[in-house]
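Observations on the model geometry
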Amino acid sequence: MLYDFYGELLNEHKKSIYEDALLNDLSLSEIAEERGVSRQAVHDIIKRCNAQLEEYEDKLHLLSKFLKIKDMVGEMNELIREYRSSNDTECLDKIEKLSEGIVDEF
């Protein structure tokens, strides 16, 4: 998921190798042969990409915020279903608190 959030920040060379390994499921040997570099070079690039993506997340927290908001929306949907079946207005108060929490995340 880190790649989904921050992959566009990698340079084209790193991005291409990273995509071949993770998205296209090519082996390190296949990537190395295709690009005329050593298997170790490909391994090092992938390792650096992982570190770089984690560094972006450490600084920006976009993935953690997304996951938190996703959980909050799921909780809101559950409360909406509960409200529809029970008309318990306490559900509405909880939904309101969750929506405020989502806004606070930004």
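Reading the values: rules and limits
- Residues numbered from 1 in each chain as written.
- Predicted model: local features only at pLDDT ≥ 70, side-chain atom pairs only at ≥ 80, totals over all residues.
- Heavy atoms only, no water.
- Core = buried A, V, L, I, M, F, W, Y, C linked by side-chain atoms within 4.5 Å.
- Buried < 20%, exposed > 50% of the residue type's maximum accessible area, 1.4 Å probe, protein only.
- Helix = DSSP H or I, 4+ residues; strand = E, 2+ residues; numbered from the N terminus.
- Contact = heavy atoms within 4.5 Å.
- Polar contact = N/O pair within 3.5 Å; in protein donor to acceptor, adjacent residues only side chain to side chain.

The subject of this paragraph is the nonpolar core. Ile17, Tyr18, Val42, Ile46 and Leu53 are the most contacted members of the largest nonpolar core, which has 14 residues in total. Going through the elements one at a time, α1 (2-6), α2 (12-22), α3 (28-35) and α4 (39-60) are the ones with two or more residues in this core. Among all residues touching Ile46, those that are not within four sequence positions of it are Ile17, Tyr18, Ala21 and Leu28. In terms of nonpolar packing, the next biggest core, distinct from the first, is built from eight residues, Met72, Met76, Leu79 and Leu98 among them.

Our next topic: the environment of Asn11. Mapped onto the fold, Asn11 is located in the loop between α1 and α2. Spatially, the C-alpha atoms of Asn11 and Val42 are 15 Å apart, while their sequence positions differ by 31 residues. From its side chain, Asn11 meets the backbone nitrogen of His13 in a polar contact 3.1 Å long. Reaching out from Asn11, the side chain makes a polar contact with the backbone nitrogen of Lys14 at a distance of 2.8 Å.

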